[in-house]
Amino acid sequence: MTFTSCEDEQLDNSQEQLDNQLVTGKDFLQEVAYPDTTGKLVTIQLNGESVEVEKIGDEYIMQGDMHVIPDDMLPKDAKSTGRTTRRWPNNTVYYDIQSSLPNQARVTNAIAHWEANTDLTFVRRTNQTAYIYFRTGSGCSSSVGRTGGRQNINLANGCSTGNTIHEIGHAVGLWHEQSRKDRDQYITINFQNIQSNRAFNFQTYVQQGIDGDEYTNALDFNSIMLYGSFAFSANGQPTIVRKNGSTYNAQRNGLSAGDISGISVMYPGNGGGGNDICEGVAPWSSSQSYQPGDRVTYRGYLFERTTSGWTRIGQCGTSKSASTQDLPDLNDVAKN
Ligand SMILES: [Zn+2]
């Protein structure tokens, strides 16, 4: 009995905190995967690097709202995480929406905003393996970049269209703007004001040990991916300030000019943003003869003809080489 009421109280307090943030306008609803819960800090291997993340239940959460999967839990041919990899091939993002998700206009409006301002196209999933699944969750959260399977964007009722635009930003590969490796030129992180166990949310992607790059010249205070000055504050004092000490208001209305500029580098209008090694390569055909150096696709992988057979180069939809076993072998079926 006591336990139940204690739990209820926690939930109520948490909801109140979120509502206050929304109502006061001091900060927008900060995207947090599990606003009720502070998980256990654990160190995992991510792309071969040791990274500190929060473990909540079975999920590993980095920087408050980004799901990550430790290396040892990934399928063998999985791709690395971050902004320089895991792009969506051919500028095409597949998605589906949980039928019971309330206020689905948040999703369709957010997608319309992305399509109107970038060269990305969002297509309702039919049988694709890799797709975003918008569903009800206890906060707002997303994976960063294309995972290769079903990847959830969790949306609590308090997550707005703007929050959804932000989470889609993660899903197509954007880090938080304050995670730029040059961010210290523009902002100061007040670690003493940050909630305990949340400090790692304010590390750069370099400090987190994960791949990334800067696609614009400077930190963009208008970015929809930037935390506000009071994000994860423990004491009402700012956690992020400009170099001159002043606070700023982050926005969750839409992509900024800087966001759009960065995305246009990651996903250029020619559709080359996928870094897809199979792009423009024809599937293998049994009725065609091939010369050494010729390349084909076969069962989702890129192969190159050599003098003695076929060499598997890597998996379509990535820029990475294949290195694992139990993959399709064109030599099994092709004699030329
Ligand atoms: Zn985020």
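Thresholds, definitions, all that
The numbering scheme is per chain: residues are counted from 1 as the chain's sequence reads. Residue-level local features of this predicted model are given only where pLDDT is at least 70; pairs of side-chain atoms are given and counted only at 80 or more, and the full residue set underlies all totals for whole chains, interfaces and linings. Only hydrogens and water are removed before side-chain values are computed, so all heavy atoms of the structure are retained for them. Segments assigned H or I by DSSP are reported as helices when at least four residues long, segments assigned E as strands when at least two residues long, and all are numbered from the N terminus. Only heavy atoms matter for contacts: two residues are in contact if any of them lie within 4.5 Å across the pair. Cysteine sulfur pairs qualify as disulfides if the two atoms are within 2.5 Å. UniProt positions are given in the numbering used here, feature names are shortened, and annotations may be inferred rather than shown by experiment. When accessible area is computed with a 1.4 Å probe and restricted to protein chains, residues below 20% of their type maximum are described as buried, those above 50% as exposed, and intermediate ones as partly exposed. Two N or O atoms count as a polar contact when they lie within 3.5 Å, although within protein this holds only if one can serve as hydrogen donor and the other as acceptor, and sequence-adjacent residues are included solely when both atoms are side-chain atoms. Here, a strand pair is defined by DSSP locating no fewer than two bridges between the strands. The span one expects for a helix is its residue count, reduced by one, times 1.5 Å. This arc is built from the directions going out from the helix axis to the C-beta atoms. Salt bridges are identified by distance alone: a Lys or Arg side-chain nitrogen within 4 Å of an Asp or Glu carboxyl oxygen. Grouping buried Ala, Val, Leu, Ile, Met, Phe, Trp, Tyr and Cys residues that are joined through side-chain atoms within 4.5 Å yields what is termed a nonpolar core. Inter-axis angles, ranging from 0 to 180 degrees, are taken between N-to-C directions of lines fitted to C-alpha atoms, where helices are fitted over the stretch in contact. With respect to orientation, any angle under 35 degrees is reported as roughly parallel, any angle over 145 as roughly antiparallel, any angle of 65 to 115 as roughly perpendicular, and every other angle as oblique. A crossing counts as left-handed when the near helix is turned anticlockwise from the far one by less than a right angle, and as right-handed when that turn is clockwise. Gly counts as polar in this scheme, as do all residues outside two lists: the nonpolar Ala, Val, Leu, Ile, Met, Phe, Trp, Tyr, Cys and Pro, and the charged Asp, Glu, Lys and Arg.

1. Focus: the environment of Leu-330
Locating Leu-330 in the fold gives a position in the segment after strand 14 (310–315). In this structure the C-alpha to C-alpha distance between Leu-330 and Tyr-301, which are 29 residues apart in sequence, comes to 9.4 Å. Once residues within four sequence positions are removed from consideration, Leu-330 is found in contact with Trp-284, Val-296, Tyr-298, Phe-303 and Trp-310.

2. Some remarks on the state of the cysteines
By the definition in use, this model includes one disulfide. Paired by a disulfide, Cys-140 and Cys-159 hold their sulfur atoms 2.2 Å apart. In this structure the cystine formed by Cys-140 and Cys-159 twists about its S-S bond by roughly -100°; its chirality is therefore left-handed. A residue pair is termed long-range when its members are at least 10 positions apart, and Cys-140 in strand 8 (residues 140–143) and Cys-159 in the loop between strand 9 (150–155) and helix 3 (161–171) qualify at 19 residues.

3. With respect to the UniProt feature "binding site: Zn(2+)" (unreviewed entry) in the chain
With numbering aligned to this structure, UniProt lists the feature "binding site: Zn(2+)" (unreviewed entry) at His-166, His-170 and His-176. In this structure, His-166 sits in helix 3. Classification of His-166 by relative accessible area gives buried; the value is 0%. With residues near it in sequence (within four places) discarded, His-166 still touches Glu-31, Asp-65, His-176, Ile-224, Met-225 and Arg-252. Not counting the four nearest positions on each side in its chain, His-170 is found in contact with Asp-65, Met-66, Ser-142, Ser-143, Val-144, Gly-145, Trp-175, His-176 and Met-225. At a separation of 3.2 Å, a polar atom in the side chain of His-170 contacts the side chain of His-166.

4. Structural notes on the pairing of strand 8
In summary, the side chains of a regular strand alternate between the two faces of the sheet. Covered by surrounding structure in strand 8 are Cys-140 and Ser-142 together with Ser-141 and Ser-143, the residues of both alternating faces. Of the pairings in the sheet, the one linking strand 4 (residues 66–68) to strand 8 comprises two bridges and is parallel in character. The partner of His-67 across the bridge, within strand 8, is Ser-143. Two successive antiparallel strands, strand 8 and strand 9, enclose a turn made up of six residues, where Gly-145 displays a positive phi of approximately 85°.

5. Side note on helix 2 (residues 105–117)
Along an α-helix, a turn takes 3.6 residues, which lines up residues three or four apart on a common side. Taking 1.5 Å of rise per residue, the 13 residues of helix 2 would be expected to cover 18 Å, and the 18 Å separating its terminal C-alpha atoms lies within 8% of that figure. Three or more residues of helix 2 are buried, namely Arg-106, Val-107, Ala-110, Ile-111 and Trp-114. All buried residues of helix 2 project into a common sector of 125° when viewed along the axis, lining one side. At its buried positions, helix 2 is contacted by strand 5 (92–97), strand 6 (121–124), strand 7 (131–136), strand 9, helix 3 and helix 5 (257–266).

6. Some words on the pattern of salt bridges
Scanning the entire structure with this criterion turns up five salt bridges. For Arg-180, the salt bridge identified is with Glu-177, shortest N-O distance 3.6 Å. Each of the two residues, Arg-180 as well as Glu-177, counts as buried. Ionic pairing is found between Asp-182 and Arg-180, a salt bridge with its closest N-O pair at 2.8 Å. With relative accessibility at 16%, the residue Asp-182 sits in the buried group. Under the relative-accessibility criterion, Arg-180 is labelled buried at 2%. In the salt-bridge network here, residues are joined through shared partners; they are Glu-177, Arg-180 and Asp-182.

7. Quick notes on the nonpolar core
Core analysis: the largest hydrophobic core is formed by 31 residues, its most contacted members being Trp-114, Phe-122, Ile-132, Phe-134, Ile-168 and Val-172. Counting only elements with at least two residues in this core, the list comes to strand 5, helix 2, strand 7, strand 9, helix 3 and helix 5. When residues of this core are assigned to their parent elements, the largest contribution, four residues, is made by helix 2. Filtering out sequence-adjacent residues up to four positions away, Val-172 remains in contact with Trp-88, Val-93, Trp-114, Leu-120, Gly-145, Ile-263, Met-266 and Tyr-267. Counting residues in each nonpolar core, the second largest holds 15 residues, with Tyr-186, Ile-187, Ala-231 and Ala-250 among its members.

8. Observations regarding helix 3
In terms of burial, helix 3 is a largely internal element, ten of the eleven residues being buried. Turning to helix 3, its buried residues are Gly-162, Asn-163, Thr-164, Ile-165, His-166, Glu-167, Ile-168, Gly-169, His-170 and Ala-171. Among the structural elements, strand 4, helix 2, strand 6, strand 7, strand 8 and strand 9 are those in contact with the buried residues of helix 3. A distance of 3.2 Å separates the backbone nitrogen of Gly-162 from a side-chain oxygen at the start of helix 3, and that oxygen is part of Ser-160.

9. Observations regarding the packing of helix 2 against helix 3
Between helix 2 and helix 3, whose axes approach to 8 Å, the crossing angle comes to 60°. In terms of their interaxial angle, helix 2 and helix 3 are classed as oblique. Viewed along their axes, helix 2 and helix 3 form a crossing whose handedness is right-handed. The segment helix 2 lies against helix 3, with Ala-105, Arg-106, Val-107, Asn-109, Ala-110, Ile-111, His-113 and Trp-114 engaging Thr-161, Thr-164, Ile-165, Ile-168 and Gly-169. Tallied by class, residues from the contact of helix 2 with helix 3 come to seven nonpolar, five polar and one charged.

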